[in-house]
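# Observations on chain architecture
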Amino acid sequence: MSNPTIAAPQGTAPADGSPAGRAPAGGRPGSARPGSARSARRRGLERRNRPLWMLLPGGILMLVVIVVPLIVAVVMSTLDLDQYTLQSWLQAPFVGLGNYVEAVASSPLLRSIGISVSFAVIAAVVTLPIGLAAALATQNRFRGRALVRSLFLIPYVLPAFVVGTLWRTMLQPGGVVDSMLGAVGAHPGLWLNGPLSYWSLIIVQLWTSWPFFYLLVVAGLQSVDPEVHEAAAIDGATWWIKLRYVILPYLRGSILLALIIAFLHNINAFTLPFVLFGVPAPQDVDVLPVLTYTTSFQSFRFGLSAAMAICSLVLIAIPLFVYLRAVRLDSGEEAQR
């Protein structure tokens, strides 16, 4: 006697594991799957209804810290603002682009821009090989590597005020530097005044900023695949070939980022030259931030100093735009690949 066929209860899944009420995988082509359509529609709704209000605190902070001071600086740069009109600065005489014309034509702005740019470029370019050499020297494990790496970071972690005070004491006439040079028969000079002050500023900036390149290169070396080192060693590559064709291609992004950040940091340096040389600074080290400070708080030409600050902002934005453009092009090329 044959057993009767028992129907599956409603709501239970079929034996092949497919959900109840849904066509099996081997069903007719083109059959729609309502569950997947609903999930796709739900994802679209979630994407459109993201809680953008969570960006509100950061937006308000950016508005208060960046946008509002920038707008105030632009307005001040169009006014003849000095110590007499500062109390009611909104009623100060409107001069339009007069402050910008005066800054370019009759103030030492262009000379300060030249000094700042040359100082920033020399300091960034010279510190790069120093930081690269220090990173490569401490890449492999050896006894006392942690101590050496800690000592390398001392110039970078010291505050700029401390560094400026320390080197100002050392570079004083008859100080430590003059005594050391006199011991080897060299003729000491005026390090804090005259033409030598420019090179003194560069030397101090080199001493305090090379660990920054060291840190970024050490971080970049971690991305080098160990198998690449092994392949280069098997092929018998010399250290120069390995550095040029193996290590430096991996470090291209880190080096470019370090150069841009170092340039922007050096061109904005105020504390170090201010503490090292005081104000008014010697003509050879009258960098743009110090000139803006003296114009504002010694000459009390607040409108003119605001125009100088806007010019410095434009000067800083140029290399930053070039870097962001280069990064965007690199990202586009990688996406195409």
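Look up: the structure comes first, before these words.
Okay, so let's go over this structure. (Residues numbered from 1 in each chain as written. Predicted model: local features only at pLDDT ≥ 70, side-chain atom pairs only at ≥ 80, totals over all residues. Heavy atoms only, no water.)

Further remarks concern unusual backbone geometry. Following Val-279, the chain continues into Pro-280 via a peptide bond in cis, with omega recorded as 0°. Tracing the sequence through the fold places Pro-280 in the loop between helix H13 (271–277) and helix H14 (288–297). We note that Phe-300 has phi near 60°; this positive angle belongs to a residue other than glycine. With respect to the secondary-structure elements, Phe-300 resides in the loop between H14 and helix H15 (302–336). Its relative accessible area of 35% is what places Phe-300 among the partly exposed residues. (Helix = DSSP H or I, 4+ residues; strand = E, 2+ residues; numbered from the N terminus. Buried < 20%, exposed > 50% of the residue type's maximum accessible area, 1.4 Å probe, protein only.)

Once that is clear, we can look at the packing of aromatic side chains. Summed over the entire model, instances satisfying the criterion amount to 12 aromatic pairs. Seen from their ring centres, Phe-270 and Phe-274 are 5.1 Å apart, and the 25° between their planes marks the pair as stacked. When its relative accessible area of 28% is taken as the criterion, Phe-274 is described as partly exposed. (Phe/Tyr/Trp six-rings, centres within 6.5 Å; stacked < 30°, edge-to-face > 60°.)

Looking now at helix H9 (residues 196–221). Between the first and last C-alpha of H9 there are 37 Å, a value that for 26 residues agrees with the 38 Å anticipated at 1.5 Å per step. When the local axis directions of H9 are compared, the greatest deviation, roughly 40°, occurs at Thr-208, which is followed within four positions by the proline Pro-211. (Expected span 1.5 Å × (residues − 1). Bend = angle between axes of the 7 residues up to and from the residue.)

By size, the foremost hydrophobic cluster in this structure holds 21 residues, and its most contacted members are Leu-171, Leu-201, Val-204 and Leu-276. Elements with a minimum of two residues in this core: helix H4 (109–137), helix H7 (160–170), H9 and H13. When residues in this core are grouped by element, the largest group, five residues, is from H9. With sequence-adjacent residues up to four places away left out, Leu-276 is seen in contact with Gly-164, Trp-167, Arg-168, Leu-192, Leu-201 and Val-204. (Core = buried A, V, L, I, M, F, W, Y, C linked by side-chain atoms within 4.5 Å. Contact = heavy atoms within 4.5 Å.)

Here we take up the packing of H9 against helix H12 (residues 252–267). Two numbers describe how H9 lies on H12: the axes approach to 10 Å, and their chain directions differ by 155°. In terms of their interaxial angle, H9 and H12 are classed as roughly antiparallel. As for the relative orientation of H9 and H12, their crossing is right-handed in sense. Residues Gln-205, Phe-212, Phe-213, Leu-216 and Gly-220 of H9 form the contact with H12, whose participating residues are Ser-254, Ala-258, Leu-259, Ile-261, Ala-262, His-265 and Asn-266. (Axes fitted to C-alpha atoms, helices over the stretch in contact; angles between N-to-C directions. Parallel < 35°, antiparallel > 145°, perpendicular 65-115°, else oblique. Left-handed = near helix turned anticlockwise from the far one by under 90°.)

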